[in-house]
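In case you want the letters, here they are:
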Amino acid sequence: MSDQITKKSSKQNPKSVIQKTAQGLVRTVYQNSDLSDKAVVLIAHGAGAGNQNDFMDSFCTKLAEQNIQVISFNFLYMQTMYETGKRRPPNPNKQLLQQFEQEILAVDSSLPVFIAGKSMGGRVASQICASTGLGPKLSFTPNSDVTAKLRGCIALGYPFMPPGKPEKFTDRTQHFKQLTVPLLINQGERDSFGDLNSLSTEQHKSVLDNKMVQLSWIASGDHSFKPLKSSGFTLDDNIKTAVTNTLGFINQLI
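Let us look at the structure shown here. Values in this document were obtained by computation on a predicted structure and should not be read as measured data.

Scoring rules and cut-offs
- Residues numbered from 1 in each chain as written.
- Predicted model: local features only at pLDDT ≥ 70, side-chain atom pairs only at ≥ 80, totals over all residues.
- Heavy atoms only, no water.
- Helix = DSSP H or I, 4+ residues; strand = E, 2+ residues; numbered from the N terminus.
- Buried < 20%, exposed > 50% of the residue type's maximum accessible area, 1.4 Å probe, protein only.
- Pairing = 2+ DSSP bridges.
- Polar contact = N/O pair within 3.5 Å; in protein donor to acceptor, adjacent residues only side chain to side chain.
- Contact = heavy atoms within 4.5 Å.
- Axes fitted to C-alpha atoms, helices over the stretch in contact; angles between N-to-C directions.
- Parallel < 35°, antiparallel > 145°, perpendicular 65-115°, else oblique.
- Left-handed = near helix turned anticlockwise from the far one by under 90°.

## Focus on the environment of V17
Mapped onto the elements of the fold, V17 is located in the loop between β1 (4-9) and β2 (18-23). Separated by 15 residues in sequence, V17 and N32 place their C-alpha atoms 5.9 Å apart.

## Regarding the pairing of strand β5 (residues 69-73)
In terms of burial, β5 is largely enclosed, as five of its five residues are buried. Here four bridges tie strand β3 (residues 27-32) to β5, and the two strands are oriented antiparallel to one another. Its bridge partner lying in β5, V29 is registered against I71. Bridge count for strand β4 (residues 40-44) against β5 is five bridges, and the pairing is parallel. Paired with L42 across the bridge in β5 is I71.

## What to know about the side chain of Q79
Of note, Q79 is situated in helix α2 (residues 76-84). A polar atom in the side chain of Q79 sits 3.0 Å from the backbone oxygen of N74. Residues in contact with Q79, not counting those within four places in the same chain, are L25, V26, N74 and Q99.

## Section: the packing of helix α1 (residues 54-64) against helix α8 (residues 235-253)
The geometry of α1 relative to α8 is characterised by a closest axis approach of 10 Å and an angle of 50 degrees between their N-to-C directions. Taken as axis vectors, α1 and α8 run oblique relative to one another. In the packing of α1 onto α8, the handedness of the crossing is right-handed. Where α1 abuts α8, its residues F55, S58, F59, K62 and L63 lie against D236, I239, K240, A242, V243 and T246.

Fair warning: the whole summary comes from geometry, so function is off the table for now.
Here's what the structure looks like:
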């Protein structure tokens, strides 16, 4: 694309240089200029903050340092938010799924491809990886050309249930039974959308006790992995833990 801005950053690790190429407001590509990529991770943002958010940028940069090419994209409503400076609600779920599929098909690489997302983006990514349609409410059947490209899926703070609405858990996890690739969920122990205590009941264990789902807890983390000061951990520590978990997951599957 003609609207590309390339920046180099070594602030995360002085021994590596991460090249960031912004393709307008659509997507940003992170690549370690010192190493050969071994996989591609296509990642979507959460509902309220786009790919320029500090959390997203930090995670993508740290993962790219591990010779993973990371492509971080914005859903259409978020592109409009950046353009206008005015908040907008997310596009309907079906439109999010369709745009995610288009982004996957646009990945031009012979490397193994993984998809990922923060919160809402992780939920949409996991829906893409379901083998069958997701019910009449969505009227959406994953494209076989898309799912055939994928090795795995990663969620950063999965929105199991909105605060105060535990009844939403079933609706947001029913597609886990149809996953065609493994799903890694990095989840803060204090996440208000599903914390360590609330996900430990028999009802929730029965859903999460799935060979295709790997749940990894982030110490004292909230929905964006921010820990309590008393925990002795920092946000940077927890993002690094999520990157380590993600890298281990990828290495097992390539």
